[in-house]
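Observations on chain architecture
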Amino acid sequence: MLRRKRFWFAIIAILPTFAIFGWVRMFPIIETLRLSMFQWNLLSKNKPFVGFDNFIELFGDDQFLDALTNTAVIAFGAMAVTIPASMVLAAVIYHRTKSRFAGFYETAVFIPHVVSLVPAAMAWKWIFDAKLGPLNAAIVAMGGTAQPWLFDPVLSVVCIIFLVSWQTLGYGVLIYLVGFRNLPKSVYEAAQLDGASGLQSFIYMSVPLLKPITLYVSVVTLISGFNVYTQAYVLASDTQGAPGRQVRVLVLDMLENSFQNFRVGYAAAEAVILLSIVLLLTAIQFGLLRQKGDR
Amino acid sequence: MSAKARTRRNNALIDILLFLICFVLLTPLILLVANGFKTPAEMLVWPPTLFPKDPTLENFQKVFTETPLLRWIFNSLMFALLSTIAIVATSALAGYIIGKFPFRTINIIFVLFLTTAIIPFEVYMIPLYFQVKALGALNSIGGLLIGYLVMSFGIFLIRQNVIASIPDELLEAARIDGAGEFWIFWRVVLPLLKGPLAALAVLAFFQAWTTFAWPIIVLTRKTSFTIEVGLANFQSAYTVELSLLSAASAAVMVPSVLAFVLLRRHFVEGITASGMKE
């Protein structure tokens, strides 16, 4: 009787949340999967079923392939910068935990991560600006030649990698700091007694011991890298000075197909590919973690 | 030199290095604020000046009086606030139920929902857009809110805390005293969850405040923009100078950085909890 009463309380209390979840998460996710198999141009009433045609077309679509390449380069590039940088930085900050500046370091490193993307991207846009930006001014002052940072197809991708890394660095440092704090202190004391230097204990002990954290931060960085959009949008947008070159990324290509070319089914197919990439990355992470646990 | 003195010297060097790194990381933001105080003419000078030669407040005056900046800030605040309330309320209730009412049906549905947490919002935002459109809620805070009513991680966070810090005996004692289930939740459980709820609230607020991809498709009318969309579309809507844009960005950024510095403890708690979910 009591159990029954409690059961009904639980059901009634949780129903609104479950209903919202079904409505704003489950339904659109299933809808994405469904729409990817249809051709729908937004205006016409009929949506013919086309099976995997959208996907087949995507892999012959230069714009999509360009977007996929750029996005992958940005995601892996940002990871390659973020992981070593945040690990070393976290190690150094952890080393100075007792310093009265420790709080300041943590805060300062983390601020780029919490600042809204648009103002942050605007700041970088000015720095990279070919005609007015301080970066070129500094290069010229040192005797180099000014670079068209936001115009050149390669350099503009480099700029986005830079911007993304700048923002994820603080997140990486934060997670690594937690990792360092959880490491067994006795092992380090033993190493010190055996005459290991700080650098040696970092390379031979911290790096391997922190592997699960590295794995986690890598996957999070990669996934957020694959969803990059705002940075490309703002860096390319038209301010005085000069408009940047549009770096085509997946989300941008997807939104363009949906809302400018009115090809919703086609855009949904792109979303499904993005989803597959994310699921694959997550599966790899879990796989590697489990492998480690077995040993 | 004694070992102690050497350590002290090394630490001082490390401190200097760390200060330099922090300074470099914050430089873009400092320059952005500095640009907000420059005259339009100074923005066009080559080589660019790092700090304004004769600082002016004109940009800020102009931005607040001649553009809908305040309106956008208001929209963003409302959206972030309502989203925070919705996420905290749903997470608290659902997290408690899932943590303390071990019914199979509920648990199965919970695991199903938890798996949606790994799916990025960008994947399903187009169908969600059509749902909002069907409701006639485009260009409104309500429509915006539909994407940000729940957070799987929030439910998970509260559930973990409920399991770890609320003993069954406490709930049983209250039940024996004849307390109703909702009363227990409200008077016994919620006060014990203050810490994690605060962390979640800060996280939810910043998430909504900084979101961009979703508002940019849902909002097309200038008056309904959030601050992020407003700033990004500034140049197409008004022919403005970079100095004005910088002033507007700075005016928005500085308060949010201050808010973060004040709330850092909660923020860090939330973020690190999200990192430890595996």
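These remarks concern the structure in this document. Along each chain, the written sequence defines residue order, and numbers are assigned to residues from 1. For this description, chains carry letters from A and ligands carry numbers from 1, given in the order in which they are written. Restriction of local features to residues with pLDDT of at least 70 applies here, the model being predicted, together with a cutoff of 80 or more for giving and counting side-chain atom pairs; totals for whole chains, interfaces and linings are based on all residues. The side-chain numbers reported here are obtained from all heavy atoms of the structure, hydrogens and water having been left aside.

**Points about the overall build of chain A**
Helix and strand definitions follow DSSP, with helices as H or I runs of at least four residues and strands as E runs of at least two, each counted in order from the N terminus. The secondary structure content of chain A amounts to 13 helices and zero strands. Of the regular secondary structure in chain A, the N- to C-terminal order runs α-α-α-α-α-α-α-α-α-α-α-α-α. Values of the radius of gyration come from C-alpha atoms, whereas the globule rule sets the reference at 2.2 Å times the count of residues to the power 0.38. In terms of overall dimensions, chain A is more spread out than a globule: its C-alpha atoms have a radius of gyration of 24 Å, far above the 19 Å expected for 295 residues. By principal-axis analysis of the C-alpha atoms, chain A measures approximately 80 × 75 × 35 Å.

**Here we look at the environment of Ala 89 of chain B**
Inspection of the secondary structure assignment puts Ala 89 of chain B in helix H4 (residues 69-100). As a C-alpha pair, Ala 89 of chain B and Ile 155 of chain B span 66 residues in sequence and 9.8 Å in three-dimensional space.

**Observations concerning the interface of chain A and chain B**
Contact between two residues is taken to exist if any of their heavy atoms lie within 4.5 Å; hydrogens are not considered. Contacts between the two partners involve 92 residues from chain A and, on the opposite side, 92 residues from chain B. Taken over both partners, the interface formed by chain A and chain B buries close to 8500 Å², and the fraction arising from carbon and sulfur atoms is 79%. Any pair of nitrogen or oxygen atoms within 3.5 Å is treated as a polar contact; in protein, a donor-acceptor pairing is required on top of that, and neighbouring residues in sequence qualify only through side-chain atoms on both sides. Where chain A packs against chain B, one counts twelve residue pairs in polar contact (both at pLDDT 80 or more). Take the side of chain A that touches chain B: its biggest share by element is 23 residues, from helix H1 (residues 2-35) of chain A. Ten residue types, Ala, Val, Leu, Ile, Met, Phe, Trp, Tyr, Cys and Pro, are classed as nonpolar, four, Asp, Glu, Lys and Arg, as charged, and the remainder, Gly among them, as polar. Counted by class, the side of chain A that touches chain B contains 66 nonpolar, 18 polar and eight charged residues. Two parts placed together each lose some accessible area under a 1.4 Å probe, and adding up what both lose gives the buried area.

**With respect to the side chain of Gln 131 of chain B**
In this fold, Gln 131 of chain B is placed in helix H6 (residues 121-134). Whether a residue is buried, partly exposed or exposed follows from its accessible area with a 1.4 Å probe, protein chains only, as a fraction of its type maximum: under 20%, in between, or over 50%, in that order. The buried category is assigned to Gln 131 of chain B, whose relative accessible area is 12%.

**Regarding the nonpolar core**
Formed by 190 residues in total, the largest nonpolar core has its most connected members in Tyr 96 and Trp 214 of chain B. Counting residues per element, this core draws most heavily on helix H7 (residues 153-182) of chain A, at 16 residues. Annotation comment: domain bounds sourced from an automatic or database domain assignment. When residues of this core are assigned to domains, at least three map to each of domain 1 (3-58) and domain 2 (67-238) of chain B. Among buried residues, the Ala, Val, Leu, Ile, Met, Phe, Trp, Tyr and Cys ones that are joined through side-chain atoms within 4.5 Å form a nonpolar core.

**Observations regarding the environment of Gly 154 of chain B**
All names here are of chain B. When you line up the elements, Gly 154 lands in helix H8 (residues 152-165). Between the C-alpha atom of Gly 154 and that of Ala 92, which follows or precedes it by 62 residues, the distance is 8.0 Å. Apart from residues no more than four positions distant in its own chain, Gly 154 is found in contact with Ser 91 and Leu 200.

**Concerning unusual backbone geometry**
With the exception of glycine, most residues fall at negative phi, and the peptide bonds are largely trans. Although it is not a glycine, Phe 262 of chain A sits at a positive phi angle of roughly 55°. Mapped onto the elements, Phe 262 of chain A comes out in the loop between helix H12 (250-259) and helix H13 (264-294). We classify Phe 262 of chain A as partly exposed; its relative accessible area is 33%. Positive phi outside glycine occurs at Asn 139 of chain B, with the angle close to 60°. If you trace the backbone, Asn 139 of chain B turns up in the loop between H6 and helix H7 (141-146). Residue Asn 139 of chain B is classed as buried on the basis of its relative accessible area, which comes to 15%.

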